[in-house]
Amino acid sequence: MDNSTNAYNTKLKNNINSSHEHALTPCYYEQQGSNNNSPIVFIHGSYASTSTWKKIVQQLALTHHCISIKLPGHCGMPDPDDFNAPNISTELDIIESVIAELTNQPIHLIGHSFGGVVALALALKGSVNITQLTLFEPVSTWVFKSVGDLDMTAQVNTFIQDYRESISNNEVYACGQVIDFWGGKGSFEPLPDFIKDGMKPLTNNNNRHWSLCENTHHHRSALNALTIPTKLICGSASNPIAQKIVQYLSHELSNAKQYSITGASHFLVTSHANQCIDIIND
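Residues numbered from 1 in each chain as written. Predicted model: local features only at pLDDT ≥ 70, side-chain atom pairs only at ≥ 80, totals over all residues. Heavy atoms only, no water.

Asker: Help me out: how do you make sense of the overall build of the protein chain in this one?
Answerer: Tallying secondary structure elements over the protein chain gives 13 helices and seven strands in all. Expected size for 282 residues packed as a compact globule is a radius of gyration near 19 Å; at 18 Å, the protein chain falls within 12% of this value. Summarising its shape, the C-alpha atoms of the protein chain cover approximately 45 × 40 × 40 Å along the three principal directions. Classification of the 282 residues of the protein chain by burial places 55% in the buried group. Long-range pairs, those at least 24 residues apart, make up 75% of the contacts in the protein chain with a sequence separation of at least 6. Of the roughly 12,200 Å² of accessible surface on the protein chain, 48% is carried by carbon and sulfur atoms. (Helix = DSSP H or I, 4+ residues; strand = E, 2+ residues; numbered from the N terminus. Rg over C-alpha atoms; globule rule 2.2 N^0.38 Å. Buried < 20%, exposed > 50% of the residue type's maximum accessible area, 1.4 Å probe, protein only. Contact = heavy atoms within 4.5 Å. Areas by Shrake-Rupley, 256 points an atom, 1.4 Å probe, with all protein chains shown as cover.)

Asker: Just to check I follow, could you spell out the side chain of Lys 196 for this structure?
Answerer: Relative to the assigned elements, Lys 196 resides in helix H8 (residues 193-199). Note on Lys 196: relative accessible area 5%, which makes it buried. With near-sequence residues (within four places) excluded, Lys 196 lies in contact with Tyr 173, Cys 175, Phe 188, Glu 189 and Leu 191.

Asker: Is there a simple way to think about the side chain of His 209 in this case?
Answerer: Of note, His 209 is situated in helix H9 (residues 203-215). When near neighbours in sequence (up to four residues on either side) are disregarded, His 209 contacts Ser 46, His 74, Glu 91 and Phe 114.

Asker: Is there a simple way to think about the packing of helix H3 (residues 89-102) against helix H4 (residues 114-125) in this case?
Answerer: Contact pair H3 / H4: the axes reach a minimum separation of 10 Å and the direction vectors enclose 75 degrees. By the angle between their axes, H3 is roughly perpendicular relative to H4. Listed contacts from H4 to Glu 91, Leu 92, Asp 93, Ile 95 and Glu 96 of H3 are Phe 114, Val 118, Ala 121, Leu 122 and Lys 125. Among the residues forming the contact of H3 with H4, the class breakdown is six nonpolar, no polar and four charged. (Axes fitted to C-alpha atoms, helices over the stretch in contact; angles between N-to-C directions. Parallel < 35°, antiparallel > 145°, perpendicular 65-115°, else oblique. Nonpolar A, V, L, I, M, F, W, Y, C, P; charged D, E, K, R; others polar.)

Asker: I would appreciate a short explanation of the sheet that holds strand S1 (residues 29-32) in the present structure.
Answerer: Note: strands within a sheet are paired through backbone hydrogen bonds, in either parallel or antiparallel orientation. Taken in spatial order, the seven strands line up as S1-S3-S2-S4-S5-S6-S7 in an open sheet, and their pairing is mixed. Unpaired on one side and paired on the other, S1 and strand S7 (256-261) mark the two borders of the sheet. The average undirected angle you get between the axes of adjacent strands in this sheet is 15 degrees. In this sheet, strand S3 (residues 65-69) lies alongside strand S2 (residues 39-43) in parallel orientation, the contact comprising five bridges. (Pairing = 2+ DSSP bridges.)

Asker: What should I look at first to understand the pairing of S3 in this one?
Answerer: Burial analysis of S3 places five of its five residues in the buried class, the great majority of the element. Both S1 and S3 contribute to a ladder of four bridges, which runs antiparallel. Opposite Gln 32, over in S3, you have Cys 66 as the bridge partner. In this region the chain leaves S2, passes through helix H2 (residues 54-60) and returns to the parallel neighbour S3; the handedness of that crossover is right-handed. (Right-handed = clockwise from strand over helix to strand, strands pointing away.)

Asker: What should I look at first to understand the pattern of salt bridges in this one?
Answerer: Pairs can form between side chains of opposite charge whenever their charged atoms are close. If you walk through the whole model with that rule in mind, you get eight salt bridges. The salt bridge involving Glu 189 is made with Lys 196; its shortest N-O contact spans 3.6 Å. Close ionic contact of Arg 220 with Glu 252 constitutes a salt bridge, the shortest N to O distance being 2.7 Å. A residue pair is termed long-range when its members are at least 10 positions apart, and Arg 220 in helix H10 (residues 220-225) and Glu 252 in helix H11 (residues 240-252) qualify at 32 residues. On the basis of relative accessibility, which here comes to 5%, the residue Glu 252 falls in the buried class. (Salt bridge = Lys/Arg side-chain N within 4 Å of Asp/Glu carboxyl O.)

Asker: Any chance you could explain the packing of aromatic side chains here in plain terms?
Answerer: Two aromatic rings, taken as a pair, are described by how far apart their centres are and by the angle between their planes. Inspection of the entire model under this criterion finds nine aromatic pairs. Between Phe 159 and Phe 181, the aromatic rings sit 4.1 Å apart at their centres with planes inclined by 20 degrees, giving stacked as the arrangement. With Phe 159 in helix H6 (residues 150-168) and Phe 181 in helix H7 (residues 175-183), this residue pair connects regions lying 22 residues apart in the sequence. Judged by relative accessible area, which is 10%, Phe 159 ranks as buried. An aromatic cluster is present here, built from Phe 159, Tyr 163, Phe 181, Trp 182 and Trp 210 joined pairwise through their rings. Lying over the aromatic face of Phe 188, Lys 196 brings its terminal NZ or CZ to 5.3 Å of the ring centre. Between the NZ or CZ atom of Lys 244 and the centre of the ring of Tyr 248, over which it lies, the distance is 5.4 Å. (Phe/Tyr/Trp six-rings, centres within 6.5 Å; stacked < 30°, edge-to-face > 60°. Lys NZ or Arg CZ within 6 Å of the ring centre and 35° of its normal.)

Asker: Explain unusual backbone geometry to me, please; I cannot follow it from the model alone.
Answerer: Most of the time, phi is negative for any residue but glycine, and the peptide bond is trans. At Cys 75, a residue that is not glycine, the phi angle is positive and equals roughly 60 degrees. Considering the arrangement of structural elements, one finds Cys 75 in the loop between S3 and H3. Despite not being glycine, Glu 137 has its phi angle at roughly 45 degrees, a positive value. As for its placement among the helices and strands, Glu 137 is situated in the loop between strand S5 (130-136) and helix H5 (143-147).

Asker: Help me out: how do you make sense of the nonpolar core in this one?
Answerer: One recurring pattern in soluble globular proteins is that nonpolar side chains are buried together. Counting 66 residues, the largest nonpolar core has Leu 109, Leu 133, Val 143, Trp 182 and Trp 210 as its most contacted members. For this core, the leading source of residues is H4, giving nine residues. In this structure, Leu 109 is in contact with Val 41, Ile 43, Ala 119, Leu 122, Ile 130, Gln 132, Leu 133 and Thr 134, ignoring residues within four places of it in sequence. With 21 residues, the next largest nonpolar core counts Ala 61, Ala 264, Leu 268 and Ile 279 among its residues. (Core = buried A, V, L, I, M, F, W, Y, C linked by side-chain atoms within 4.5 Å.)

This is the structure in structure tokens:
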């Protein structure tokens, strides 16, 4: 990690720890429920926000302390300073600091899409006491290299190349390619204009997320050694690449259970919230 990234991470920790003292200081979380109840930490994905979890948190906050992380560059938070050399430690430092501030209890960690990438990275790092890990379609494309799936790696690389070409050409809705890739062709077009326009400024952050997925590498032995009880969920109508990631992780993680939600696709945590809650509570 370079000096600029270290300095940024120190600034993030200072911002989080002083969030209650200075109203203008970024606060990288929202929370609901009683602090006396068992904590669940939620991490949203790219082109998303804490509202991803609204339906789920409304129910689970009745019995749990729900903490929703705001990723850098999202939910009004400052952009990360590591675009030139993306490092997932930027996200991990935020989450570690939030958890340290809000609870001293073991947590249930839940992530969706890129949030699942971050959640798995935190679990593999081992710096937080995690009793359960729930991953809704984590886009951990790096797993294809870990298991030697050259075909899937090539498919992902082809998409990234086309996507980055669209960004370089300043296509207005390059973001739509990502939504259609994970959610299925035609997923982006029906969205309201205010949502589409809200996604456009997040394109550079999303591109950074793809870099993190490309550059991350964990040997299969690291996955095999992770003993945290893990639930891996995908939709029956999801991109085969997303389904394959879940299949590989379910096989490689030593204490994993795989679920499929019939008729759901990548945005299952909003479209099939009740089924997701049932799995979380299983």
